[in-house]
Amino acid sequence: MTFKGMDVVSVRDLSREQIEQVLDLAQKMVPYAKGEKTTKILDGKILANLFFEPSTRTRLSFESAMTRAGGRCIEIAQPLTSSTVKGETLADTIRMVDGYSDAIVLRHPHEGAARLAAHFSSKPVINAGDGAGQHPTQTLLDLFTIRQQAGSMAGKKVVMVGDLKYGRTVHSLAEALAMFGADLTFVAPSLLQMPKETVKHLEKEGISARLCSNLEEVIADADVLYVTRIQRERFPDPSEYQKVAGCYRVDNVLLREAKKNLVIMHPLPRVDEIAPEVDETENAKYFVQAFNGVPVRMALLSLVMGGELQ
Amino acid sequence: MKDFRVTPIRNGTVIDHIDCGQALKVLRIIGVTGDVTSTVSVLMRVPSKRDGWKDVVKVEDRELDPREVDKISLIAPKATINIIRDFNVSEKYNVNMPDVVKGIVKCGNPNCITNKNEPVEPQFIVESKDPVVLRCFYCDRIQEDFADRLV
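Residues numbered from 1 in each chain as written. Chains lettered and ligands numbered in written order. Predicted model: local features only at pLDDT ≥ 70, side-chain atom pairs only at ≥ 80, totals over all residues.

A. Just the overall build of chain A, in detail. The helix and strand tally for chain A stands at 11 helices and 9 strands. At 19 Å, chain A has a C-alpha radius of gyration in line with the 19 Å of a compact globule built from 310 residues. Its C-alpha atoms put chain A at 55 × 45 × 40 Å along the principal axes. Looking at chain A as a whole, 49% of its 310 residues qualify as buried. Pairs at least 24 residues apart make up 74% of the contacts formed inside chain A by residues separated by at least 6 positions. (Helix = DSSP H or I, 4+ residues; strand = E, 2+ residues; numbered from the N terminus. Rg over C-alpha atoms; globule rule 2.2 N^0.38 Å. Buried ≥ 20, exposed ≤ 12 C-beta atoms within 10 Å, placed from the backbone. Contact = placed C-beta atoms within 7 Å.)

Below, the structure is given as structure tokens:
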């Protein structure tokens, strides 16, 4: 079960054991990610961060993770500065970057871009989001946060709310949580409910998720509330966006009905789906979740580049 | 009343046991678009001992290449191919849908990287053969109405 040289394009590329291996190593990386300890685990290694779409958390946390692990980054952070604008194919960009680095992190607006990059690169490729497709490191850090904050994933009641149709993080998170035996509820207006394909996949895995549109109905039983932003940019038709924008809001009034130790998560950025007053509660874990991107990505980078923590 | 019969062919191919209603798509796959130089016979909704009803296509002076057979397997997975030489069936085989379909269907997701001028052939994993379910290897999307996107 070696990770060295492996591409991580989709969370489906990983077995349950491999996911656990990443999460266990991420736990060990926490003091290094916080800067309390230092390591040279990836000393001399170069990571190519190729971001063809805007990103704040993912790009910065990969850069932070690589730096904390003792390695260095080269990057395309603005596609306008790259040869893509001159008409170069992604395949050629990847073949070129392959010669400059030890691993490639790719965010791209087109679905399947990371799989294509993996095809053309001899170095490990990590998908950092391809259009409305996969974003496996987000899934890993979400799993890590749930395990860290809720104690485990098995048997936990996880409620996902918001844009479950276009939100790329929720599909693979739902599939991964099913693998670990979580109990799933999907709350969304019918226009934005979890795609049938994902629900069918879960059923095949023996998980029957509950689908509803009313958050108040299910909040009392939840152990984890995973909130997502309704993303304007994923709507082909702006009038469809207007119909559903702002239909869920988590605030302290709603939380009166919730368990005391409810874990609230959000992949960020948020707009108005979580009221700022919630930030002050013990339940708000979304900034911890954002931090967890660093130890989880440190773990994954170390595994695919063959670094070992002493 | 006089029966209309499709006469035996000397040389060519009979594609039998095509799923009912798929004959015209089979014609498109084998490039029969109206401008033909040999006889083409199309039988639609004829009784079949095996399947109840079926379509049949006969083309004279023509044998199929493996790529065409792979395409036919996607829309008519129960079809049989009979190669006729000098009025005799010289070869007969069932179409066999591959586990991975490469370069014969375009992905239906316009945002898929395979639709963006990259130097790759579209590739699909056959998730199920009955009914036929194809998943794009690159963008993971399950394909709907792929018969319209055969290339």
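B. The domain arrangement of chain B, seen in detail. Residues and elements named next belong to chain B. The assigned domain composition of chain B is domain 1 (12-94) and domain 2 (100-149). Counting residues at the interface gives 7 residues for domain 1 and 6 residues for domain 2. Tallied by class, residues from the side of domain 1 that touches domain 2 come to 3 nonpolar, no polar and 4 charged. (Domains from an automatic or database assignment. Nonpolar A, V, L, I, M, F, W, Y, C, P; charged D, E, K, R; others polar.)

C. Region of interest: the sheet that holds strand 5 (residues 157-161) of chain A. All names here are of chain A. Taken in spatial order, the 5 strands line up as 7-6-5-8-9 in an open sheet, and their pairing is parallel. The outermost strands of the open sheet, each flanked by one partner alone, are strand 7 (210-212) and strand 9 (263-265). Strand-to-strand twist in this sheet, taken as the mean axis angle between neighbours without regard to direction, amounts to 15 degrees. Note that strand 5 and strand 6 (residues 183-187) share 5 bridges and pair parallel. Pairing of Met 160 across the sheet is with Phe 186, part of strand 6. (Pairing = 2+ DSSP bridges. Axes fitted to C-alpha atoms, helices over the stretch in contact; angles between N-to-C directions.)

D. Structural view of the sheet that holds strand 6 (residues 100-102) of chain B. Residue and element names in this part refer to chain B. Pairing is antiparallel across the open sheet formed by 3 strands, whose spatial order is 6-7-8. For this open sheet the edge positions go to strand 6 and strand 8 (132-136), each flanked by a neighbour on one side alone. Strand-to-strand twist in this sheet, taken as the mean axis angle between neighbours without regard to direction, amounts to 35 degrees. Both strand 7 (residues 123-129) and strand 8 contribute to a ladder of 5 bridges, which runs antiparallel. Its bridge partner lying in strand 8, Phe 124 is registered against Cys 136.

E. Quick look at the domain arrangement of chain A. Residues and elements named next belong to chain A. Taken as a whole, chain A is organised into domain 1 (11-135 + 292-305) and domain 2 (137-290). Put simply, the parts of the chain that give the side of domain 1 that touches domain 2 at least two residues each are helix 1 (16-33), strand 4 (125-130) and helix 11 (286-305). Of the residues that constitute the side of domain 1 that touches domain 2, the class distribution is 10 nonpolar, 6 polar and 3 charged.

F. Highlighting the interface of chain A and chain B. Every contact between the two is made by 15 residues of chain A and, on the other side, 16 residues of chain B. Among the elements that take part in the side of chain A that touches chain B, helix 4 (residues 113-120) of chain A stands out by supplying 4 residues, more than any other.

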